[in-house]
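Observations on the model geometry
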Amino acid sequence: MKNLLFILILVFSHTMTSQTSESEKIFWDLIDYKLYPEKFSDVGYLKKVDFGMLSYHLANFEKDSILTYYQYKNKKTDSITLTKNEKEFLISELKSSENYTWNLANAKKLILVEENSELEFLKADKNRELKIISKPIFIRNGKVTCVFSVHLCCGHIYGYVSLSLYKKINGKWERWIPLSEGNF
């Protein structure tokens, strides 16, 4: 009986943390996005998100009491109103994804950068960029996903951080509405 319970827990936890083909599609759509394609050479990625950085942005999102978010804060062109349950679900799932790692069968031309080697990777060539992407959390029947992403570049720890909602536009997952963002 103990073994059966253990197997059920193992299968359930694997299902909760496993990578789907749609998750991998989001990863590649975010990796392929380059702010300045003529400027960057190698693209690296981390298998796992830095949870301290993610926690900071989750705290910003969590303490924000509003439920309506806009595509552009100034123009207010498009928006989404999250239910309290959706917001709590996103926060809970992102918090529980601390140990989520990307298992990419086809890493194309990406360079896997080991944890704590980010600076060395970036310093080796100032034209390199490094992408760090969290587990996508889907809502609204899989039509919207929340992703934490970091884009580092320019030979040192310099870049853009975003906790954003993405939606599919013309078959590609694109950043839609930022929930928490910043530069460093």
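Use the structure listed above.
All of the points below concern the structure found in this document.

Cut-offs and rules
- Residues numbered from 1 in each chain as written.
- Predicted model: local features only at pLDDT ≥ 70, side-chain atom pairs only at ≥ 80, totals over all residues.
- Heavy atoms only, no water.
- Salt bridge = Lys/Arg side-chain N within 4 Å of Asp/Glu carboxyl O.
- Helix = DSSP H or I, 4+ residues; strand = E, 2+ residues; numbered from the N terminus.
- Buried < 20%, exposed > 50% of the residue type's maximum accessible area, 1.4 Å probe, protein only.
- Expected span 1.5 Å × (residues − 1).
- Arc of directions from axis to C-beta.
- Contact = heavy atoms within 4.5 Å.
- Polar contact = N/O pair within 3.5 Å; in protein donor to acceptor, adjacent residues only side chain to side chain.

**With respect to the pattern of salt bridges**
A full pass over the atoms with the stated rule returns seven salt bridges. Between Glu 62 and Lys 95 there is a salt bridge; the shortest N-O distance is 3.2 Å. Placement of the pair is Glu 62 in helix 3 (residues 51-63) and Lys 95 in helix 4 (residues 84-96), with a sequence separation of 33 residues. Lys 95 gets classed as partly exposed once you look at its relative accessible area, which sits at 39%. Glu 86 is the partner of Arg 140 in a salt bridge, and the nearest nitrogen-oxygen pair spans 2.5 Å. Note that Arg 140 is positioned in the loop between strand 6 (137-139) and strand 7 (144-153) and Glu 86 in helix 4, a separation of 54 residues in sequence. Among the residues examined, Arg 140 registers a relative accessible area of 33% and is labelled partly exposed. For Glu 86, a relative accessible area of 13% puts it in the buried group.

**Some details on helix 3**
For helix 3, built from 13 residues, the straight-helix expectation of 18 Å at 1.5 Å per residue is met to within 8% by its first-to-last C-alpha distance of 18 Å. Among all positions in helix 3, only Phe 51, Leu 54, His 57, Leu 58 and Phe 61 are buried. Down the axis of helix 3, the sector holding all buried residues measures 130°, keeping them to one side. In helix 3, those exposed residues whose orientation departs by more than 90 degrees from the buried face are Tyr 56 and Lys 63. In this fold, the buried residues of helix 3 make contact with strand 2 (68-70), helix 4, strand 7, strand 8 (158-169) and strand 9 (172-183). The opening residue of helix 3, the one whose side-chain oxygen lies 3.1 Å from the backbone nitrogen of Gly 52, is Asp 50.

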